[in-house]
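Chain by chain, the residues run as shown.
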Amino acid sequence: MKYLFLKAILVVTLIFITSSVQAQEFHPYIGIGGGSFTMDSGIAGNSTAGGGFANFGIDSKMAGAELRVGRTGEASTNYKGINISYGLDTFFSLLGKLHFSPTDRLRLYAIGGYTTANARATASVAGISASASSTASSGSYGAGLDYRLQDHLLIGGEWIRYSLDVSGIAINLKYEF
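Parameters at a glance
Residues numbered from 1 in each chain as written. Predicted model: local features only at pLDDT ≥ 70, side-chain atom pairs only at ≥ 80, totals over all residues. Heavy atoms only, no water. Helix = DSSP H or I, 4+ residues; strand = E, 2+ residues; numbered from the N terminus. Salt bridge = Lys/Arg side-chain N within 4 Å of Asp/Glu carboxyl O. Buried < 20%, exposed > 50% of the residue type's maximum accessible area, 1.4 Å probe, protein only. Polar contact = N/O pair within 3.5 Å; in protein donor to acceptor, adjacent residues only side chain to side chain. Contact = heavy atoms within 4.5 Å. Phe/Tyr/Trp six-rings, centres within 6.5 Å; stacked < 30°, edge-to-face > 60°. Lys NZ or Arg CZ within 6 Å of the ring centre and 35° of its normal. Core = buried A, V, L, I, M, F, W, Y, C linked by side-chain atoms within 4.5 Å. Patch = residues over 30% accessible without salt bridge, like charges linked within 9 Å, V, L, I, M, F, W, Y side chains within 5 Å. Areas by Shrake-Rupley, 256 points an atom, 1.4 Å probe, with all protein chains shown as cover.

> Before we go on, may I ask you to explain unusual backbone geometry in this structure?
Excluding glycine, a negative phi dihedral is what most residues carry, and trans is how most peptide bonds are arranged. With a phi close to 50°, K80 is a non-glycine residue in the positive phi region. Position of K80 among the secondary structure elements: in the loop between β4 (75-79) and β5 (82-100). In the Ramachandran plot, A126 falls in the positive-phi region, its phi being about 50° despite a non-glycine side chain. Along the chain, A126 falls in the loop between β6 (106-125) and β7 (128-148).

> Help me understand the pattern of salt bridges, please; the structure alone is not making it clear to me.
Applying the stated criterion across every chain yields a total of 10 salt bridges. Note that R107 and D146 form a salt bridge whose closest N and O atoms lie 3.0 Å from each other. Of this pair, R107 sits in strand β6 while D146 sits in strand β7, placing them 39 residues apart in sequence. For R107, a relative accessible area of 9% gives the class buried. Given a relative accessible area of 0%, D146 falls into the buried group. Where salt bridges share partners, they join D59, E66, R68, K97, R107, D146, R148, E158, K174 and E176 into one cluster.

> Help me out: how do you make sense of the side chain of S93 in this one?
As for its position among the elements, S93 is in strand β5. A distance of 2.7 Å separates the side chain of S93 from the side chain of T115, its partner in a polar contact. Look past the residues within four positions of S93 in its chain and what remains in contact with it is E66, L67, R68, Y114, T115 and Y162.

> Which parts of the structure should I look at to understand the packing of aromatic side chains?
Here the distance between the centres and the angle between the planes together describe a pair of aromatic rings. This model, assessed by the stated rule, comprises five aromatic pairs. Between the aromatic rings of F91 and Y162, the centroid separation amounts to 4.7 Å while the plane-to-plane angle is 45°, which identifies the pairing as tilted. Here F91, found in strand β5, pairs with Y162, found in strand β8 (residues 153-162); they are 71 residues apart in sequence, far enough to count as distant. Taking relative accessible area as the criterion, F91 reaches 0% and is therefore assigned buried. By relative accessible area, which is 3% here, Y162 ends up buried. For the pair Y175 and F177, a centre-to-centre distance of 5.3 Å together with 80° between the ring planes defines the contact as edge-to-face. Exposure remark for Y175: the relative accessible area of 39% places this residue in the partly exposed category. Here the aromatic residues F37, F91 and Y162 are joined through ring pairs into a cluster of three or more. Of note, R68 hangs over the ring of F53, and the distance from its end group to the ring centre comes to 4.3 Å.

> What's the story with the nonpolar core in this structure? I'm lost.
Buried together is how nonpolar side chains tend to be arranged in soluble globular proteins. Counting residues in hydrophobic clusters, the biggest one holds 18 residues, and the most contacted among them are M39, L88, F91, Y162 and V166. Elements that contribute at least two residues to this core include exactly β1 (27-40), β2 (46-59), β5, β6, β8 and β9 (166-176). In terms of residue count, β5 provides more of this core than any other element does, five residues in total. Every residue in contact with V166, bar those within four places of it in the chain, is listed here: F37, T38, M39, L88, I160 and R161.

> Before we go on, may I ask you to explain a nonpolar patch on the surface in this structure?
A surface patch of nonpolar side chains, about 550 Å² in accessible area, is lined by I32, Y147, L149, I155, I171 and L173. Note that L149 resides in the loop between β7 and β8.

Put into C-alpha cells, the structure is as follows:
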C-alpha cells in the first residue's frame, strides 16, 4: 500500500511537470467502463471474457491521472482434456494520461502506469478440481479517445495492456465535475 501511495504522488507530480506553465483548469471525474478482456492462460493460449471497472481521475488540458478498480469474468479453455478457467478477481491501476484534442469535443490520449492484479485459476478433470490464486504487478499501457456528449458527460473507448498478460478493449462513460 505504501508503494501505491508513492506511485500516486509520482503520477500527480508528472501531471504538473507535463502541463504548461500557464494556469491549468483541472477537471475531476468518475466513470465506469466495460468490455472484452483477452487473457493468456500460460498453457493453452488466449481466451476472452467480459469485465468492467470504475475509474476516478483528474484531467487538465494536456494530461491526467486515474485510479481504476475492476475485475473480469472467467475465461476458459481446454488443454489435453483438462478444463481450465481463469480471470482477475480484482485489479487496481494507477495511470497517467497525455492528451491531444483535435477538436473541442474529441480528445485522444496515450495512457500508461502500473497495475496490481489478483488472478485466479481452476483446473478440473474427471470431477477433480484444483484452484490457485496469485497477485502480481507490472506496467500498463494503451491508447484511447473520449468524445464529449454534453458539458460534463464523455463517452470513450480504449485499448489497454494490463499486467498478467491481460489486454482489454473497453467502452467507458465519464462524468466530469
